[in-house]
Amino acid sequence: MPLRLVIENATWEELCRGVAAAEAVFARSGISYEDAVNGMLAADPWMKEKFPDFPEPSKKQETAASVWYEAERAACQACCAGWPEDKVVRPHRVLGIGPVEPRVKTANLATWPDRQGRYREIIERLETAIGPDRQLDIDTCYVMGWIDGPCTPEEAAEMELPYLTGKLAQILEITKKSLPKWTIEVDQEPCDARIIEPDRDRDEHVDLSVAAWRCSDGYQHMEKPPANAAIAVTLAAMRLQADSFLPPAW
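Residues numbered from 1 in each chain as written. Predicted model: local features only at pLDDT ≥ 70, side-chain atom pairs only at ≥ 80, totals over all residues. Heavy atoms only, no water.

### Structural notes on the pattern of salt bridges
- For the structure on display, the rule yields 14 salt bridges.
- We note a salt bridge from Asp-139 to Arg-118, for which the minimum N-O separation is 3.6 Å. With Asp-139 in helix H8 (residues 134-143) and Arg-118 in the loop between helix H6 (112-117) and helix H7 (119-128), the pair connects residues that are 21 residues apart, well separated along the chain. The two residues Asp-139 and Arg-118 agree in class, both being buried.
- Salt-bridge contacts for Arg-194 lead to Glu-185; the nearest nitrogen and oxygen are separated by 3.0 Å.
- Each of the salt bridges in this network shares a partner with another, and the network as a whole consists of Glu-185, Asp-187, Asp-192, Arg-194 and Arg-214. (Salt bridge = Lys/Arg side-chain N within 4 Å of Asp/Glu carboxyl O. Helix = DSSP H or I, 4+ residues; strand = E, 2+ residues; numbered from the N terminus. Buried < 20%, exposed > 50% of the residue type's maximum accessible area, 1.4 Å probe, protein only.)

Given below as structure tokens:
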């Protein structure tokens with residue numbers, strides 16, 4: 001599991017900077033972050049308070065815990081560098097081990113609750129769209145965090161937002177850049193799309209491949225196929241994002 005830093009209102013770049021600073025502390029110390037977090041848990045006063053019979057930490061665990069605390073301080077300092085003093089986050093339970101937060105969330109933390117709540121709506125509108133829909137393009141861009149809020153078609157033109165439901169070449173280019181090692185298959189009659197995960201050891205890995213309409217096991221997401229191939233690819237790409245949007249992912 002990678003290191004994970006949770007600091008509200010931090011940008012993706014700031015979070016990455018903080019994680020890099022923490023990783024540098026572990027590299028210098030020669031103590032892995034797995035050992036460090038275990039030491040921190042063993043030395044945590046809260047554990048002793050909640051569990052009176054919890055054993056006292058060993059010297060080795062105390063040393064590992066001190067490295068964890070140092071890494072957390074470094075992560076906060078690096079992430080919050082340049083912030084107003086009253087906004088700087090103190091190093092207390094903000095560093096952890098686990099999957100990093102999805103970029104779709106960290107792209108715009110301020111709008112995340114609204115965007116997260118609208119994900120299912122976007123899927124349903126893509127499933128039922130009868131053709132190119134510029135407002136749906138705009139709303140999809142917003143839910144993905146590419147823009148700060150819904151806008152008019154005129155504003156979308158000025159920002160050169162992609163035509164996700166009408167121009168197959170555009171959505172293919174975006175998807176290929178986001179998933180360079182994945183395979184994208186497109187059917188025209190009837191329209192469908194599949195985004196296929198790179199080959200891995202299937203004994204140890206769950207297949208994350210998705211389809212817009214018909215899955216490889218015969219399951220159909222909806223009764224009718226997507227209205228056009230651009231919608232199909234957009235729908236498949238949005239389905240691939242499901243774990244980033246739907247509780248209890250985050």
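Read on for the rest.
### Some remarks on the pairing of strand S4 (residues 191-196)
- Sheet topology note: the strand S3 (residues 183-188)/S4 ladder contains six bridges and is antiparallel. Looking across to S4, one finds that Glu-185 is bridged to Arg-194.
- Between the antiparallel neighbours S3 and S4 lie two residues.
- Both S4 and strand S5 (residues 210-211) contribute to a ladder of two bridges, which runs antiparallel. Bridged to Arg-194 within S5 is Ala-211. (Pairing = 2+ DSSP bridges.)

### Looking at the nonpolar core
- In this structure, Leu-126, Ile-147, Leu-161, Met-238 and Phe-245 are the most contacted members of the largest nonpolar core, which totals 38 residues.
- Contributing elements (two or more residues each) for this core: H7, H8, helix H10 (168-178), S4, helix H11 (229-240) and helix H12 (242-245).
- Ranked by the residues each element gives to this core, the list is headed by H11, at seven residues.
- Setting aside chain neighbours within four positions, we find Phe-245 in contact with Val-104, Trp-112, Arg-115, Gln-116, Tyr-119, Val-143 and Met-144.
- Membership of the second largest hydrophobic core comes to 24 residues, among which are Ala-10, Ala-22, Val-37 and Cys-79. (Core = buried A, V, L, I, M, F, W, Y, C linked by side-chain atoms within 4.5 Å. Contact = heavy atoms within 4.5 Å.)

### Points about the sheet that holds S5
- With antiparallel pairing, three strands are arranged side by side in an open sheet as S3-S4-S5. Across the chains shown, the open sheet's two edge strands, defined by having one partner strand only, are S3 and S5.
- The sheet contacts of H10 involve S3 and S4, and relative to S3 the element is tilted by about 160°.
- Most of the contacts of H11 go to S4, to which it runs at about 35°, and overall it touches S3, S4 and S5. (Axes fitted to C-alpha atoms, helices over the stretch in contact; angles between N-to-C directions.)

### Concerning unusual backbone geometry
- Of the consecutive residues Glu-189 and Pro-190, the connecting peptide bond is found in the cis state with omega at -5°.
- When you line up the elements, Pro-190 lands in the loop between S3 and S4.
- If you check the backbone angles, Arg-93 has positive phi at about 60° while not being a glycine.
- Residue position: Arg-93 is located in the loop between helix H4 (59-79) and strand S2 (95-97).
- For Glu-160, which is not glycine, the phi dihedral falls at a positive 60°.
- Relative to the helices and strands, Glu-160 is located in the loop between helix H9 (153-159) and H10.

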